[in-house]
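Here is what each chain is made of, one letter per residue.
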Amino acid sequence: MTNNATITISDLDDFDRRILKIVQSDNQRTHADIGEAVGLSASAVRRRLKLLRDTGFIEKDVAVLRSGEIGVRLIVLVSFQNESIEAFDAFDEQIRVTPEILQGYHISGPVDYCLVVQGPSLEWYEDWGKQTFMSNPAIRRYDSHVIWSCKKFETAIPL
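The rules behind these values
- Residues numbered from 1 in each chain as written.
- Predicted model: local features only at pLDDT ≥ 70, side-chain atom pairs only at ≥ 80, totals over all residues.
- Heavy atoms only, no water.
- Axes fitted to C-alpha atoms, helices over the stretch in contact; angles between N-to-C directions.
- Helix = DSSP H or I, 4+ residues; strand = E, 2+ residues; numbered from the N terminus.
- Parallel < 35°, antiparallel > 145°, perpendicular 65-115°, else oblique.
- Contact = heavy atoms within 4.5 Å.
- Nonpolar A, V, L, I, M, F, W, Y, C, P; charged D, E, K, R; others polar.
- Polar contact = N/O pair within 3.5 Å; in protein donor to acceptor, adjacent residues only side chain to side chain.
- Core = buried A, V, L, I, M, F, W, Y, C linked by side-chain atoms within 4.5 Å.
- Buried < 20%, exposed > 50% of the residue type's maximum accessible area, 1.4 Å probe, protein only.
- Patch = residues over 30% accessible without salt bridge, like charges linked within 9 Å, V, L, I, M, F, W, Y side chains within 5 Å.
- Areas by Shrake-Rupley, 256 points an atom, 1.4 Å probe, with all protein chains shown as cover.
- Salt bridge = Lys/Arg side-chain N within 4 Å of Asp/Glu carboxyl O.

Here we look at the packing of helix H1 (residues 14-25) against helix H3 (residues 42-54)
Running from N to C, H1 and H3 point in directions that differ by 80°, and their axes come no closer than 11 Å. Judged on the interaxial angle alone, H3 and H1 are roughly perpendicular. In contact with Phe 15, Asp 16, Ile 19, Leu 20 and Val 23 of H1, H3 contributes Val 45, Arg 48, Leu 49 and Leu 52. For the contact of H1 with H3, the residue count by class is 7 nonpolar, no polar and 2 charged.

Here it is in structure tokens:
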């Protein structure tokens with residue numbers, strides 16, 4: 001792997017892929033532990049991870065919480081009535097600055113956006129949905145789906 005401004009998947013060697021597989025499942029492992037698992041020294045692992053972080057290939061390191069114990073999670077499908085660059089740009093910004101929206105995807109098909117929303121209760125969501133979606137004249141419809149339970153949640157990307 002070279003020290004370019006941007007790293008792509010094709011720049012990764014087998015060591016990088018094995019290191020990334022490990023840190024995607026547990027980024028708290030020590031460099032020495034990772035090095036032992038992939039056959040590199042701790043300092044080589046540290047250098048590779050630093051480069052992957054500095055170039056943005058590793059976007060962020062996070063802790064994943066058990067969401068089921070923190071209120072209600074919903075999938076919300078949003079359809080626009082007035083599709084325009086301005087309406088989409090404004091909604092994109094709204095997604096970015098609204099903490100209750102955990103994930104937001106602009107998608108193809110009859111629905112324009114798919115959102116994952118987390119809040120304290122269904123009562124809260126009813127009011128929040130009215131304020132967030134019904135007050136936006138560009139939105140034609142929003143459909144809400146309560147997540148009863150999670151059968152699979154994976155953040156690791158197969159390399």
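Observations concerning the environment of Glu 154
Positionally, Glu 154 belongs in the segment after strand S4 (139-146). Once the C-alpha coordinates of Glu 154 and Glu 83 are considered, the two residues, 71 residues apart in sequence, prove to be 32 Å apart. From its side chain, Glu 154 meets the backbone nitrogen of Ala 156 in a polar contact 3.0 Å long.

Comments concerning the nonpolar core
Within the largest apolar cluster, 18 residues are counted, with the highest numbers of intra-cluster contacts made by Val 76, Val 78, Phe 80, Phe 91, Tyr 113, Leu 115 and Phe 133. Going through the elements one at a time, strand S1 (72-80), helix H4 (85-97), strand S3 (113-119) and helix H5 (122-134) are the ones with two or more residues in this core. Of the residues forming this core, the biggest block, 5 residues, is contributed by S1. The residues touching Val 78, leaving out its near neighbours within four places in the chain, are Phe 91, Val 111, Asp 112, Tyr 113, Leu 115, Phe 133, Ile 139, Arg 141 and Tyr 142. Counting 13 residues, the second-largest nonpolar core is a separate cluster that includes Ile 7, Leu 49, Leu 51 and Ile 58.

Looking at a nonpolar patch on the surface
Nonpolar side chains collect at one region of the surface, where Ile 9, Ile 157 and Leu 159 lie side by side and expose about 280 Å² of accessible area between them. Tracing the backbone through its elements, the reader meets Ile 157 in the segment after S4. You can call Ile 157 exposed: its relative accessible area is 58%.

On their own, these measurements won't tell you what the molecule is for.
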